[in-house]
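# Structural overview for review
Residues per chain, in single letters:
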Amino acid sequence: MNEARVPQEPVTCARCGRTADTLPLTWTCSVENGRREYFCEECARENIRSIEGRLDSSWW
Ligand SMILES: [Zn+2]
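Residues numbered from 1 in each chain as written. Predicted model: local features only at pLDDT ≥ 70, side-chain atom pairs only at ≥ 80, totals over all residues. Heavy atoms only, no water.

As annotated in an unreviewed UniProt entry, the chain carries the name Small CPxCG-related zinc finger protein and comes from Streptomyces vietnamensis.

Attention shifts here to the pattern of salt bridges. Under the criterion given, the structure shown has three salt bridges. Among the ionic pairs, Arg-18 bridges to Glu-42, the shortest N-O distance being 3.8 Å. With Arg-18 in the loop between strand 1 (11–12) and strand 2 (19–20) and Glu-42 in helix 1 (residues 41–53), this residue pair connects regions lying 24 residues apart in the sequence. Owing to a relative accessible area of 49%, Glu-42 belongs among the partly exposed residues under this scheme. Across the salt bridge formed by Arg-49 and Glu-46, the nearest N and O atoms sit 3.6 Å from each other. One end of the pair is Arg-49 and the other is Glu-46, both in helix 1 and three residues apart, which spans about a single turn. Relative accessible area serves as the criterion here: at 44%, Arg-49 is assigned to the partly exposed category. (Salt bridge = Lys/Arg side-chain N within 4 Å of Asp/Glu carboxyl O. Helix = DSSP H or I, 4+ residues; strand = E, 2+ residues; numbered from the N terminus. Buried < 20%, exposed > 50% of the residue type's maximum accessible area, 1.4 Å probe, protein only.)

Structural data, given as structure tokens:
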């Protein structure tokens, strides 16, 4: 009743495709090109590392 402001919708990790019925607290939301993208805990960690380090994508 008091959670009307929080949309309870399935989310999908933009990187690995993992899905969750509701957005887990460990997931990261970022806005890319005007649209929201979600990253699961593991992918957020890898994503941040690749962004900050400008690493090769060899870990794919
Ligand atoms: Zn993921």
